[in-house]
Amino acid sequence: MNSKKESLILEYLSFREAGIPFRHFFNSSAEQWWEKCLKWLDSAGMIFHFIAKLRQRGDFETLPLVVQARLRKNLQDQTERHACISKEFREFNQILQGRGIQYICLKGLTTFPDFVDNPVRRIQSDHDFLVHREDLRQAYELFLEMGFEPLDAGLSLIADHLPTLIRKNGLEWKGNPYDPEIPGAVEIHFRLWDAQHRGLTIRSLDETWQSFVRVDVGGVSVPVLSREDALTFASLHAFRHLLGNDLRLSHLYELAFFLHHSRRDETFWNSYTEKLRNCPSTPKVAATMFRLACHCFGPETSPQVLALVARNLSPAAQLWIRSYGQKEALSSRGQSKSALFLQLDFLENQSEITSTIVRRLFPLHFPSRTSVLVQIPECQKSQLRRVYELFHFFCRIINRTLFHAVSLIGFLWIYPLWKLRL
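Quick look at the structure, then. Keep in mind that what you see is a predicted model, and the values were worked out from it rather than measured. (Residues numbered from 1 in each chain as written. Predicted model: local features only at pLDDT ≥ 70, side-chain atom pairs only at ≥ 80, totals over all residues. Heavy atoms only, no water.)

On to the pattern of salt bridges. Applying the stated criterion across every chain yields a total of 19 salt bridges. Residue Arg 121 is joined to Asp 117 by a salt bridge in which the shortest nitrogen-to-oxygen separation is 2.8 Å. Classification of Arg 121 by relative accessible area gives partly exposed; the value is 22%. The class for Asp 117 is partly exposed, based on a relative accessible area of 43%. For the salt bridge of Lys 284 with Asp 345, the shortest nitrogen-to-oxygen distance reads 3.4 Å. (Salt bridge = Lys/Arg side-chain N within 4 Å of Asp/Glu carboxyl O. Buried < 20%, exposed > 50% of the residue type's maximum accessible area, 1.4 Å probe, protein only.)

Structure representation (C-alpha cells):
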C-alpha cells in the first residue's frame, strides 16, 4: 500500500484535535484503494478504531456502499467473537481460581479502560496468563485436560511463555480474521521479560506478585497487573515486537491512548516515575516507546511524561524515531532491520553488541510450523492438506531467507551512514 495513504490514515486516527479532511482519502480508483486500505488496517489491528473514528466524525456514511457493508460485517463478527472470548475468559478464571493456581491476567480484556475505550475494538486472538513458577506445570496440564493442544514451540520460550495452546476444532481458514468460530488460544507466561534474550536487565517488574490488584470483569474478580506494571509491560511488549520486526500499529495506539487519557492523573504519574528509578534500562525503554507513540498519534501528555522522555531518550533513539519510526510503525511486519540500530543503543557490553548483530543478521532458527491449517487435527488432514501445509512452510522459509538476505545488504550499506549521522 502507498506509504502516503498510510500516513493519511495515521493522521486521521491521531488524537490531535484538527484531523485531516476525509475527502483526502478518495481518488479516481476509490474501491480499489479501499480494498488495500482495509487489508492494511486488518494487519495493523486498527480496523475497529478506524470505524469508531469514522462514526465519531460523521464520515462513515460517505464511504462507498461496498466498504460500509464490509465494515458492518467485520464489526458484527467482532462483536460476536468478543462475546465468545469474554465467556471463555470468565470460565478460565473461575477454573484457575478453583484449582488454587497463582496467576495474573495479562493484556486482552484487562486493557480496558486504560488502553482502549471499548474492549470490542481491540483484536484479541488469545488469553495470556502469567503463572507462578510453582504452578506452571499444573496450569499447563489443566488446559491440556480441557482439550487444548500445543502448537509447534518455535520461539515460544524466547517469548517468555510455554508453547501456545489451542483447541483444534477442525475450522478451515476462510480469510476472515474476525470469524466468531475461531477459538481463542491460551499462552501461559512464566516471566514478563527475559533479560538475556535482549541484553536488557528489567527490574521494574520484579515486584509484580506483590503489587497486583483485582478487578471485576463480567462479574468475575480477576487478578491483574497494577496500573504502573501494566504500562511498563505494555511498553516492553511493544518494544519486544519492534525489535522482532513484527510491531503492530495497535501496540502504539494503546500506549498513546493511555498517555492521552491519563495526562491529568498527577498522582499516577508521580508514582510511575518514582517506580522507574529502580532500573536504568526501563525508563529508557518507556521513554523510547512513549516518544514513538506520540510521534505517530500525537496524544497530549502529562508534564511528568515530557520530563521522563527528556531525561531518558538518547540522541540515537531520537534520530531513529525521526528517521525510521513512522515507517516501522506503518509496516505490520518490518521490511528492514533498522530496528537493530535502536537495539544497539541499549547495549553497553561490546560482546553483547557483537553477538546481537550476528544473531540478528544471521538467525539460525526456522520459523514455526504454524499454518493456515492449524485448527485441523492431524488425524483429519488428508494427504493433499499435508502437502499444502508443507508447501506453505517452505514458502515461509524462502520468504524469510530472502528477507534476511536483502536486509543484510541494506544493513551493511546503511549502518556506516547511521554511525556517521550519530
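Following the structure, the description resumes.
Turning our attention to the pairing of strand E5 (residues 185-189). The element E5 is extensively covered by neighbouring structure, given that five of its five residues are classed as buried. Side chains Ala 185, Glu 187 and His 189 of E5 all project onto a buried face; the interleaved residues Val 186 and Ile 188 project onto the opposite face, where all are buried too. Note that strand E2 (residues 126-131) and E5 share five bridges and pair parallel. Across the sheet, Phe 129 pairs through a bridge with Ile 188, a residue of E5. (Helix = DSSP H or I, 4+ residues; strand = E, 2+ residues; numbered from the N terminus. Pairing = 2+ DSSP bridges.)

It is worth spelling out helix H8 (residues 227-243) at this point. With 17 residues, H8 extends 24 Å between its outermost C-alpha atoms, agreeing within 8% with the 24 Å of an ideal straight helix rising 1.5 Å per residue. Across the 17 residues of H8, 15 count as buried, placing the element largely inside the fold. Just past H8, the residue Asn 245 takes up positive phi, approximately 65 degrees. (Expected span 1.5 Å × (residues − 1).)

On the surface, Trp 413, Ile 414 and Leu 417 cluster together into a nonpolar patch covering about 330 Å² of accessible area. Mapped onto the elements of the fold, Trp 413 is located in helix H16 (residues 383-421). Judged by its relative accessible area of 65%, Trp 413 is exposed. (Patch = residues over 30% accessible without salt bridge, like charges linked within 9 Å, V, L, I, M, F, W, Y side chains within 5 Å. Areas by Shrake-Rupley, 256 points an atom, 1.4 Å probe, with all protein chains shown as cover.)

Moving on: the packing of helix H11 (residues 281-297) against helix H13 (residues 315-330). It is the contact of H11 with H13, at a shortest axis distance of 10 Å, that shows an interaxial angle of 55 degrees. In terms of orientation, H11 lies oblique with respect to H13. Where H11 crosses over H13, the two elements pack in a sense that is right-handed. Facing Thr 288, Arg 291, Leu 292, His 295 and Cys 296 of H11, the residues of H13 in contact are Ala 317, Trp 320, Ile 321, Gly 325, Gln 326 and Ala 329. (Axes fitted to C-alpha atoms, helices over the stretch in contact; angles between N-to-C directions. Parallel < 35°, antiparallel > 145°, perpendicular 65-115°, else oblique. Left-handed = near helix turned anticlockwise from the far one by under 90°. Contact = heavy atoms within 4.5 Å.)

With that out of the way, let us pick up the packing of aromatic side chains. Using the criterion set out here, one finds 30 aromatic pairs in the structure. Measuring from centroid to centroid gives 5.5 Å for Phe 15 and Tyr 253, while their planes differ by 25 degrees, and the two rings are stacked. Here Tyr 253 lies in helix H9 (residues 249-261) and Phe 15 lies in the loop between helix H1 (3-12) and helix H2 (30-44), a separation of 238 residues in the sequence. In this structure Tyr 253 comes out as buried when scored by relative accessible area, which is 9%. Ring centres of Phe 258 and Phe 268 lie 5.5 Å apart, and the angle between their planes is 50 degrees; on these two criteria the pair is classed as tilted. Of the two residues, Phe 258 sits in helix H9 while Phe 268 sits in helix H10 (residues 266-276), which places them ten residues apart along the sequence. Phe 268 matches Phe 258 in its accessibility class, with the two residues each being buried. The structure contains a cluster of three or more aromatic residues connected by ring pairs, namely Phe 115, Phe 258, Phe 268, Trp 269, Tyr 272 and Phe 290. Over the face of the ring belonging to Phe 60 we find Arg 55, whose NZ or CZ atom lies 4.8 Å from the ring centre. (Phe/Tyr/Trp six-rings, centres within 6.5 Å; stacked < 30°, edge-to-face > 60°. Lys NZ or Arg CZ within 6 Å of the ring centre and 35° of its normal.)

All we've got here are geometric facts, nothing functional implied.
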